[in-house]
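Topology and contacts: notes
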Amino acid sequence: IILGMGEKKEDVNTVIDKIKEYNVEKVQVCFLKPQRKTIFDEVSPPNIEYMAWWVAKIRISCPTVHIKVAVIRERITDFSLLLKAGANSFSRFMIFHDFGKPLAWQLEKECQKAGRTLVGHFTAKPGINVKALVEGLPFEEKFKQKMMIKAEQYYRKLGRANVIDEDEE
């Protein structure tokens, strides 16, 4: 669902009806980012309260649906509102760009503010044994060897992220 494209609040009822009609298990709630030289060039993106209202309406009417929301960089300090409204998870966190940076620290704070517990962190590299994890996967050895190359590359890249301490911000 992309909010900000001319929908009205009453349109949420149609969305809820379709979620129920088609037994939708997951909904992604995003927002319009106006692009130059398009019909939406002059349209302002919806505010966080409006997005939270949509999330809450869907959550109340569809308590088992998984609601994923987009991380909004420009409004990260209010992100907890979307989680409190009923969002289960989020997207648009660019791990190799944002890991350990101010956005990551704020995202963790917003999750805490909403009373959510994260399984991992966006600010501290996990101490994992990549080789042992890949070796434990139920794949043929030739596939594991290829996976190992990529897994080690990604883990090293995560370690090279420009991690800053929250107090240094």
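Residues numbered from 1 in each chain as written. Predicted model: local features only at pLDDT ≥ 70, side-chain atom pairs only at ≥ 80, totals over all residues. Heavy atoms only, no water.

**What to know about the nonpolar core**
Rules: The nonpolar core is taken to be a set of buried Ala, Val, Leu, Ile, Met, Phe, Trp, Tyr and Cys residues, with the residues joined through side-chain atoms within 4.5 Å. Partly exposed describes any residue whose relative accessible area lies between the buried limit of under 20% and the exposed limit of over 50%, with all areas from a 1.4 Å probe on protein chains only and scaled to the type maximum. Only DSSP runs of H or I covering at least 4 residues are called helices, and only runs of E covering at least 2 are called strands; the numbering of each starts at the N terminus.
Counting residues in each nonpolar core, the largest one holds 37 residues, and the members touching the most others are Val29, Val55, Ile58, Val69, Phe79, Leu82 and Phe90. The leading source of residues in this core is helix H2 (residues 48-61), at seven residues.

**Section: the sheet that holds strand E2 (residues 26-31)**
Two strands in a sheet stick together by hydrogen bonds in their backbones, pointing the same way (parallel) or opposite ways (antiparallel). The line we're drawing: At least two bridges found by DSSP between two strands are what make those strands a pair.
Spatially, E1-E2-E3-E4 is the arrangement adopted by the four strands of the open sheet, whose pairing is parallel. Where the open sheet ends on each side, the last strands, each with one partner, are strand E1 (2-3) and strand E4 (89-91). Where strand E3 (residues 66-70) meets E4, three bridges bridge the pair, whose relative direction is parallel. From the neighbouring strand, Val69 faces E4, where its bridge partner is Phe90.

**As for the confidence of the model for the chain**
Applied cut-off: pLDDT runs from 0 to 100 and stands for how confident the predictor is about each residue. Any two residues having at least one pair of non-hydrogen atoms within 4.5 Å are treated as being in contact.
In this model, the chain carries a mean pLDDT of 90, and residues with pLDDT of at least 70 account for 94%. Of all the helices and strands in the chain, helix H4 (residues 95-98) carries the lowest mean pLDDT, 86, while helix H1 (residues 11-21) carries the highest, 98. Every residue in residues 165-169 scores below 50 in pLDDT, and together they form six contacts with partners more than four places removed in sequence or on other chains.

**Notes on the pattern of salt bridges**
Inclusion rule: Here, a salt bridge means any Lys or Arg side-chain nitrogen found within 4 Å of an Asp or Glu carboxyl oxygen.
By the definition in use, this model includes four salt bridges. With its nearest N and O atoms 3.2 Å apart, the salt bridge here joins Lys18 to Glu21. With a gap of three residues between them, Lys18 and Glu21 both fall in helix H1, about one helical turn apart. The class for Glu21 is partly exposed, based on a relative accessible area of 47%. As a salt-bridge pair, Glu110 and Lys113 come within 3.0 Å of each other at their nearest N and O atoms. Placement of the pair is Glu110 and Lys113 together in helix H5 (residues 102-113), with a separation of three residues, close to one helical turn.

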